[in-house]
Amino acid sequence: MPDTRLIRTFLEPHHAPLADRARSFALGEVAARPEPPDDDAARVEARALLRLLGVRGWLKPIFNLDLRGCCLVREALGEASPLADAVFALQGLGTTPILLNGSAAQKERWLEPIAEGKLMTAFAMTEPEAGSDVASIATTARRDGAGYILNGSKTLISNAGIADLYAVFATTDRAKGPKGISCFLVPANAPGLRFAGPQVLSAPHPLGEIAFEDCRVPADALLGEEGRGFGIGLAALDRLRPTVAAAACGMAARALTESLAHVKARRQFGKPLAEFQLVQQKLARMATDLAAARLLVYRAAYEKDQGQDRITSEAAMAKSFATEMAQRAVDDAVQLIGGRGVLANHPVDRLYRAVRALRIYEGTTEIQQLIIAGELLR
Ligand SMILES: Cc1cc2nc3c(=O)[nH]c(=O)nc-3n(C[C@H](O)[C@H](O)[C@H](O)COP(=O)(O)OP(=O)(O)OC[C@H]3O[C@@H](n4cnc5c(N)ncnc54)[C@H](O)[C@@H]3O)c2cc1C
């Protein structure tokens with residue numbers, strides 16, 4: 001059961017009560033919602049969850065730039081419902097570029113409905129040929145009179161097809177490489193923006209492709225300055241990576257809770273599974289790895305909240321360690337629970353399907369390791 005004692009040196013006085021309230025909200029109002037049976041239902045549920053989060057005020061830590069608060073909320077949601085966690089995460093990822101780089105007019109126009117959960121955001125960076133190598137973005141934005149015309153396509157975009165507003169990364173000057181990438185705020189109903197179709201995951205998570213076909217946006221859709229988009233995108237990812245790690249910790253905590261309940265109740269060979277030392281070893285490893293991951297998460301978030309400009313290495317360590325840890329913990333939980341653990345809709349089966357993507361999105365484990373090594377070798 002994650003509690004705040006372990007991480008108390010990293011927290012402010014308001015964080016422990018926030019964590020308690022987040023947990024009771026997640027367990028009381030979110031956990032009981034049934035897993036959507038298919039992608040269409042997941043899309044409807046994602047919008048419903050966003051509204052619930054907005055109405056109950058759970059999106060506020062994003063807007064307060066309270067990174068530790070965001071981590072605490074994601075831990076609680078990750079434990080209760082990976083879909084609810086993804087909804088929170090994507091609202092954070094789509095909004096952070098506006099919070100950090102938006103003009104007064106852009107903030108005035110967009111932030112209130114986003115905070116209320118009425119308007120859903122998305123972060124459109126990945127392309128068919130630009131995955132880990134994000135600098136190779138090929139979507140173009142060409143100046144045309146009073147605005148820009150976008151052409152290209154984006155793939156593996158969370159909330160594609162259900163978002164109202166996309167933060168889109170496109171090149172305004174290909175010759176300049178990453179320094180030629182700019183960021184645009186493109187409403188879903190912009191002429192020439194097309195939802196090209198869903199990409200269906202084994203876990204509920206709205207994902208899909210979008211295409212820009214002579215998509216015209218006004219000049220004030222540009223976020224920050226021309227050519228600063230790559231930095232805007234990386235800064236948002238740098239900031240939010242500890243929250244991915246926090247969600248992983250929430251999922252691992254749930255895996256441990258389910259495991260403990262099962263091994264105490266289930267008897268084989270005349271005694272509870274909990275009495276076998278091979279079982280105890282798994283439990284001990286899960287608990288120790290989880291504690292270590294949480295310390296990395298809140299160390300990174302603390303540094304950011306203290307005003308440190310970049311937390312590149314801290315965030316990469318937290319993200320890579322916690323997501324790999326969560327994968328092992330969830331796998332161990334399935335193993336401890338046995339055959340029932342692979343039945344569809346068992347809580348650990350839901351976790352098993354959901355946890356895998358965390359090692360990939362917002363930068364794969366290998367990319368995090370390259371970042372850490374790069375900092376070491378600098
Ligand atoms: C569920 C989910 C949600 C997502 N949501 C979004 C979203 O909202 N917005 C968005 O823009 N993107 C999103 N993505 C895309 C995600 O960011 C990319 O999948 C990720 O960056 C990896 O890119 P890729 O899939 O093209 O893999 P690739 O870059 O092709 O990598 C494939 C493998 O090669 C490895 N690799 C690549 N380069 C190196 C290297 N230099 N050294 C060693 N190994 C390397 C990678 O680690 C990986 O194991 C999402 C992905 C998923 C799965």
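These figures come from a predicted structure and were not determined experimentally.

K.L.:
Help me understand the overall build of the chain in this model?
P.N.:
Within the chain one finds 11 helices and 10 strands. On C-alpha atoms alone, the chain measures out to a radius of gyration of 21 Å, which is about the 21 Å that the 2.2 N^0.38 rule sets for 378 residues. For the chain, the spread of C-alpha atoms along the three principal axes comes to 80 × 45 × 35 Å. Across the chain, the fraction of contacts at a sequence separation of at least 24, relative to all contacts at a separation of at least 6, is 74%. On the chain, roughly 16100 Å² of surface is accessible, and the fraction owed to carbon and sulfur atoms is 54%.

K.L.:
Honestly, the site of the ligand in this entry has me stumped. Any pointers?
P.N.:
Neighbouring the ligand are 20 residues; Phe 123, Thr 126, Ser 132, Thr 364 and Glu 366 lie closest to it. Measuring from a nitrogen atom of the ligand, one finds a backbone N or O atom of Phe 123 at 2.7 Å. Ser 132 has a polar side-chain atom sitting 2.6 Å from an oxygen atom of the ligand. Residues of the shell around the ligand, tallied by class, amount to 12 nonpolar, 6 polar and 2 charged.

K.L.:
Honestly, the pattern of salt bridges in this entry has me stumped. Any pointers?
P.N.:
Opposite charge on two side chains allows them to pair when their charged atoms are near. Under the criterion given, the structure shown has 26 salt bridges. Here Arg 350 ties to Glu 35 by a salt bridge, and the two come within 3.6 Å at their closest N and O atoms. You can see Arg 350 sitting in helix 10 (residues 347-355) and its partner Glu 35 sitting in the loop between helix 1 (15-30) and helix 2 (39-55), a full 315 residues away along the chain. A relative accessible area of 17% means that Glu 35 is categorised as buried. A salt bridge links Asp 289 to Arg 328; the nearest nitrogen and oxygen atoms lie 3.1 Å apart. On the criterion of sequence distance, the pair formed by Asp 289 in helix 8 (residues 277-305) and Arg 328 in helix 9 (residues 312-337) is long-range, its members being 39 residues apart.

K.L.:
Mind showing me how you'd approach the environment of Ile 114 here?
P.N.:
Tracing the backbone through its elements, the reader meets Ile 114 in helix 6 (residues 104-115). Relative accessible area serves as the criterion here: at 0%, Ile 114 is assigned to the buried category. Between the C-alpha atom of Ile 114 and that of Glu 258, which follows or precedes it by 144 residues, the distance is 34 Å. Every residue in contact with Ile 114, bar those within four places of it in the chain, is listed here: Leu 59, Phe 63, Gln 91, Thr 95, Ile 98, Leu 119, Thr 121 and Leu 165.

K.L.:
Any chance you could explain the packing of helix 8 against helix 9 here in plain terms?
P.N.:
Packed helices, taken two at a time, are described by the angle their axes make and the gap between the axes. Running from N to C, helix 8 and helix 9 point in directions that differ by 155 degrees, and their axes come no closer than 9 Å. Classified by the interaxial angle, the pair formed by helix 8 and helix 9 is roughly antiparallel. Here helix 8 and helix 9 pass one another in a crossing that is left-handed. Looking at the contact of helix 8 with helix 9, its residues break down into 18 nonpolar, 1 polar and 8 charged.

K.L.:
Help me understand the packing of helix 4 (residues 67-80) against helix 5 (residues 82-101), please; the structure alone is not making it clear to me.
P.N.:
For the pair helix 4 and helix 5, the least separation of the axes is 6 Å and the interaxial angle reads 150 degrees. Compared by their axis directions, helix 4 and helix 5 come out roughly antiparallel. When helix 4 is examined against helix 5, the residues Cys 70, Val 73, Arg 74, Leu 77, Gly 78 and Ala 80 are found in contact with a partner set consisting of Pro 82, Ala 84, Asp 85, Phe 88 and Ala 89.

K.L.:
Can you help me understand the packing of aromatic side chains in this one?
P.N.:
Two measures describe an aromatic ring pair: the distance that separates the ring centres and the angle between the ring planes. Under the counting rule described, the total for this entry stands at 5 aromatic pairs. On the numbers, 5.8 Å between centres and 55 degrees between planes, the contact of Phe 10 with Tyr 302 is tilted. Highlighted residues: Phe 10 in the segment before helix 1 and Tyr 302 in helix 8, separated in sequence by 292 residues. Given the relative accessible area of 17%, Phe 10 is considered buried. Residue class for Tyr 302 comes out partly exposed when judged on its relative accessible area of 26%. Measuring from ring centre to ring centre gives 5.0 Å for Phe 123 and Phe 169, while their planes differ by 55 degrees; the resulting arrangement is tilted. Taken together, the positions of Phe 123 in strand 1 (residues 121-124) and Phe 169 in strand 4 (residues 165-171) put the pair 46 residues apart, joining distant regions of the chain. Relative accessible area serves as the criterion here: at 8%, Phe 123 is assigned to the buried category.

Here is what the cut-offs are and how they apply
Residues numbered from 1 in each chain as written. Predicted model: local features only at pLDDT ≥ 70, side-chain atom pairs only at ≥ 80, totals over all residues. Heavy atoms only, no water. Helix = DSSP H or I, 4+ residues; strand = E, 2+ residues; numbered from the N terminus. Rg over C-alpha atoms; globule rule 2.2 N^0.38 Å. Contact = heavy atoms within 4.5 Å. Areas by Shrake-Rupley, 256 points an atom, 1.4 Å probe, with all protein chains shown as cover. Near = heavy atom within 4 Å. Polar contact = N/O pair within 3.5 Å; in protein donor to acceptor, adjacent residues only side chain to side chain. Nonpolar A, V, L, I, M, F, W, Y, C, P; charged D, E, K, R; others polar. Salt bridge = Lys/Arg side-chain N within 4 Å of Asp/Glu carboxyl O. Buried < 20%, exposed > 50% of the residue type's maximum accessible area, 1.4 Å probe, protein only. Axes fitted to C-alpha atoms, helices over the stretch in contact; angles between N-to-C directions. Parallel < 35°, antiparallel > 145°, perpendicular 65-115°, else oblique. Left-handed = near helix turned anticlockwise from the far one by under 90°. Phe/Tyr/Trp six-rings, centres within 6.5 Å; stacked < 30°, edge-to-face > 60°.

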